[in-house]
Amino acid sequence: MEIYWMAVSNLSAVINISIPGYFLYLFVKPFLINSVHAKIVGAVYVFTMIFLYFIDYIFQNFVAYGIGVLLAFAFMCVLERRNYGQKTFLAITFFCLRWISGRMSVIIYTLMTEVSNNMSFLKENYKLQYCVFVLELIINWFVAFAFLYIAVKILLGVYRNKKDNLEGRELLMLCTPSLMGAIIYIMESYYKGMINNAISLKSLVIEFFCSGVSYIAILTTVYLYQKIKDMQQEESHRELMFAQMEDVKKHIQEMERHYKDIRSLKHDMSNHIMTLESLYKVNKIEEAEMYADTLMEQLNSAAGEITSGNPVTDVILTEKGKEMRNEGIDFICRFLYPSDTDINAFDISVIMNNGLTNAITAAKECENPFIKVYSYRKKNAYMIKIENSYKGNILIDDVSGLPVTTKERNKRHGLGLSNIKSVAQKYHGDIDIDYDEKHFILSVMLIIK
């Protein structure tokens, strides 16, 4: 019977190590770029914990969990040398959730063994004792894994900013409940050691309650943090939209100025024609040609450099074109406004402003910068495509499907794409992003009536 007891004990230890290792893989996978890296992190944790279990030196579970998670954290940092704040949050949070779930299951297991040890009919029946022992282990596994799985599932669902950089104060906020729970556990262990590890029903209930409070505090803190981040992003969206509305007002004012210049030129056109006729009559061909060139320059200036079919988009494309020339960016524009549809000019201006601003920011960092803008219609779909040169790597957020920027100065980039997507969805469309090492293509589809 001792062989069976030993075999089940070792099997229980391996299961208690392997399944949490799988949960660690699930936990870190959405935060890492490569899913293979997440598998390696989970495997490192499992092999470390198995090694610690089978060596002669006996570690407390709390210390063993810490060593396993610390090595997993080190491998995360080596495999992907970025976003260390997120990795620190993952390591500390998983460590605390692992020992909290294990601690709560051990308390339940201890209560079950206390009850079974007091059953007189079990004392003489070793086979029945063995069956009860296996049943208690299974219940212990179920409780521990259920608490850990539920926590991982909730955190992955609640926490959406998985690839954002964490600031120091954000990391402190997220990790405080975990650190406080660890400190309380150490103090409790020290206190129990002073009283010779005396076990009573009251002490077990208190331990279970404290563990439950720590468990809930970790989940609640992450939930509140995400709510705060959502509010900040909504505020940033409002500020960006307000700024874009101000830009549209400026574009309208610029458009009105162009129309005023055109009306003025139209009013004086008869005088200009008479002047040209007079010059040609007296055979002053050179002066007439110079006068005509000047008149054409005024006409082009008044009408704008680009004609897309809508005054607002004309002004946007013209101003962005000037900005591109100043940055040395080649600009090709084949954009036509869908004037015979119900699409609002302001919505198109949101797409063009944000899309071209992002394109200029990316293209000017390249050696041979270029930007292409074109549109076309296919049945009831109106497509806008903005293609630009690009240099660097792109991370795509699993939830939003949008690129994630790791630079503080480019936070507007993510908000701009989000606003473009909102406009597309308003017209029952969507956006698509295609890229390689040198090109970035933003496609926006709007469904027209």
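So, a few notes on the structure that sits alongside this text. (Residues numbered from 1 in each chain as written. Predicted model: local features only at pLDDT ≥ 70, side-chain atom pairs only at ≥ 80, totals over all residues. Heavy atoms only, no water.)

### Considerations on the pairing of strand 2 (residues 370-378)
Turning to step 1, where the next piece is worked out: Across five bridges, strand 1 (residues 330-334) lies against strand 2 in parallel orientation. The residue bridging Phe-331 from the neighbouring strand is Ile-371, located in strand 2.
Turning to step 2, where the next piece is worked out: Where the polypeptide runs from strand 1 across helix 11 (residues 345-363) and back to strand 2, its parallel neighbour, the crossover connection is left-handed.
Turning to step 3, where the next piece is worked out: One ladder, built from eight bridges, connects strand 2 with strand 3 (residues 381-389); its direction is antiparallel. Looking across to strand 3, one finds that Ile-371 is bridged to Asn-388.
Turning to step 4, where the next piece is worked out: The turn linking strand 2 back onto strand 3 is made up of two residues, and Lys-379 within it adopts a positive phi angle of 60 degrees. (Pairing = 2+ DSSP bridges. Helix = DSSP H or I, 4+ residues; strand = E, 2+ residues; numbered from the N terminus. Right-handed = clockwise from strand over helix to strand, strands pointing away.)

### Re the nonpolar core
When a protein is soluble and globular, its nonpolar side chains tend to lie buried together.
Turning to step 1, where the next piece is worked out: Membership of the largest hydrophobic core comes to 52 residues, with the highest contact counts inside it found for Val-28, Tyr-45, Phe-89, Phe-94, Trp-99 and Tyr-159.
Turning to step 2, where the next piece is worked out: Residue contacts for Tyr-159: discarding those within four places in its chain leaves Phe-31, Gln-86, Phe-89, Leu-166, Leu-174, Val-222, Tyr-225 and Gln-226.
Turning to step 3, where the next piece is worked out: One finds Met-324, Ile-329, Phe-440 and Ile-448 within the second-largest nonpolar core, a separate group that totals 39 residues. (Core = buried A, V, L, I, M, F, W, Y, C linked by side-chain atoms within 4.5 Å. Buried < 20%, exposed > 50% of the residue type's maximum accessible area, 1.4 Å probe, protein only. Contact = heavy atoms within 4.5 Å.)

### Here's the deal with the pairing of strand 7 (residues 439-447)
Turning to step 1, where the next piece is worked out: Where strand 3 and strand 7 come together, nine bridges link them in antiparallel fashion. Following the sheet pairing, Ser-389 is matched in strand 7 by His-439.
Turning to step 2, where the next piece is worked out: Note that strand 6 (residues 430-435) and strand 7 share six bridges and pair antiparallel. Bridge pairing in strand 7 links Asp-434 to Ile-441.
Turning to step 3, where the next piece is worked out: Hairpin connection, strand 6 to strand 7: the antiparallel pair is bridged by three residues.

### Quick look at the packing of helix 3 (residues 61-79) against helix 4 (residues 84-117)
Turning to step 1, where the next piece is worked out: Two elements in contact, helix 3 and helix 4, have axes whose closest approach is 10 Å; the angle formed by their N-to-C orientations is 155 degrees. Classified by the interaxial angle, the pair formed by helix 3 and helix 4 is roughly antiparallel. Both helix 3 and helix 4 take part in a crossing whose hand is right-handed. On helix 4, the residues that touch Phe-62, Tyr-65, Gly-66, Val-69, Phe-73, Met-76 and Cys-77 of helix 3 are Tyr-84, Lys-87, Thr-88, Leu-90, Ala-91, Phe-94, Phe-95, Arg-98 and Trp-99.
Turning to step 2, where the next piece is worked out: Its residues assigned to classes, the contact of helix 3 with helix 4 comprises 12 nonpolar, two polar and two charged. (Axes fitted to C-alpha atoms, helices over the stretch in contact; angles between N-to-C directions. Parallel < 35°, antiparallel > 145°, perpendicular 65-115°, else oblique. Left-handed = near helix turned anticlockwise from the far one by under 90°. Nonpolar A, V, L, I, M, F, W, Y, C, P; charged D, E, K, R; others polar.)

### Remarks on unusual backbone geometry
Turning to step 1, where the next piece is worked out: Positive phi, normally seen in glycine, also occurs at Asn-83, with a value near 50 degrees.
Turning to step 2, where the next piece is worked out: Despite not being glycine, Lys-379 shows a phi value in the positive range, around 60 degrees.
Turning to step 3, where the next piece is worked out: Owing to a relative accessible area of 79%, Lys-379 belongs among the exposed residues under this scheme.

### Examining the sheet that holds strand 7
Turning to step 1, where the next piece is worked out: Reading across the sheet, the five strands line up as 1-2-3-7-6 and stay open at both edges, with mixed pairing between neighbours. The sheet terminates laterally at strand 1 and strand 6, the two strands that pair on one side only. Across the sheet, the axes of successive neighbouring strands diverge by a mean angle of 15 degrees, strand direction being ignored.
Turning to step 2, where the next piece is worked out: Across the face of the sheet, helix 11 comes into contact with strand 2, strand 3 and strand 7 while running at roughly 20 degrees to strand 3.

### Describing helix 10 (residues 311-327)
Turning to step 1, where the next piece is worked out: Counted at 1.5 Å a residue, the expected span for helix 10 with its 17 residues is 24 Å, and the 24 Å between its end C-alpha atoms agrees.
Turning to step 2, where the next piece is worked out: All of the buried residues in helix 10 are Val-312, Thr-313, Asp-314, Val-315, Ile-316, Leu-317, Thr-318, Lys-320, Gly-321 and Met-324.
Turning to step 3, where the next piece is worked out: Immediately beyond the C-terminal end of helix 10, within one or two residues, lies Gly-328, with a positive phi of roughly 75 degrees. (Expected span 1.5 Å × (residues − 1).)

### Thoughts on the pattern of salt bridges
Turning to step 1, where the next piece is worked out: Following the criterion strictly, the structure yields six salt bridges and no others.
Turning to step 2, where the next piece is worked out: Here Glu-167 makes a salt bridge to Arg-169, at a shortest N to O gap of 3.3 Å.
Turning to step 3, where the next piece is worked out: Accessibility expressed as a relative area gives 30% for Glu-167, which makes it partly exposed.
Turning to step 4, where the next piece is worked out: Between Asp-340 and Arg-377 there is a salt bridge; the shortest N-O distance is 2.7 Å. In this pair, Asp-340 sits in the loop between strand 1 and helix 11 while Arg-377 sits in strand 2, placing the two residues 37 residues apart along the sequence.
Turning to step 5, where the next piece is worked out: Residue Arg-377 is classed as partly exposed on the basis of its relative accessible area, which comes to 42%. (Salt bridge = Lys/Arg side-chain N within 4 Å of Asp/Glu carboxyl O.)

### Considering a nonpolar patch on the surface
Turning to step 1, where the next piece is worked out: The grouping of Met-173, Tyr-223, Leu-224 and Ile-228 at the surface amounts to a nonpolar patch, some 340 Å² of accessible area in total.
Turning to step 2, where the next piece is worked out: It is helix 8 (residues 201-281) that contributes the most residues to the nonpolar patch, three residues altogether.
Turning to step 3, where the next piece is worked out: Its place among the elements puts Leu-224 in helix 8. (Patch = residues over 30% accessible without salt bridge, like charges linked within 9 Å, V, L, I, M, F, W, Y side chains within 5 Å. Areas by Shrake-Rupley, 256 points an atom, 1.4 Å probe, with all protein chains shown as cover.)

### A look at the environment of Ala-362
Turning to step 1, where the next piece is worked out: By the secondary structure assignment, Ala-362 is in helix 11.
Turning to step 2, where the next piece is worked out: Residue classification places Ala-362 among the buried positions, given a relative accessible area of 17%.
Turning to step 3, where the next piece is worked out: C-alpha separation for the pair Ala-362 and Phe-440, spaced 78 residues apart in sequence, amounts to 8.9 Å.
Turning to step 4, where the next piece is worked out: Aside from chain neighbours lying at most four places away, what touches Ala-362 is Asn-388, Ser-389 and Tyr-390.

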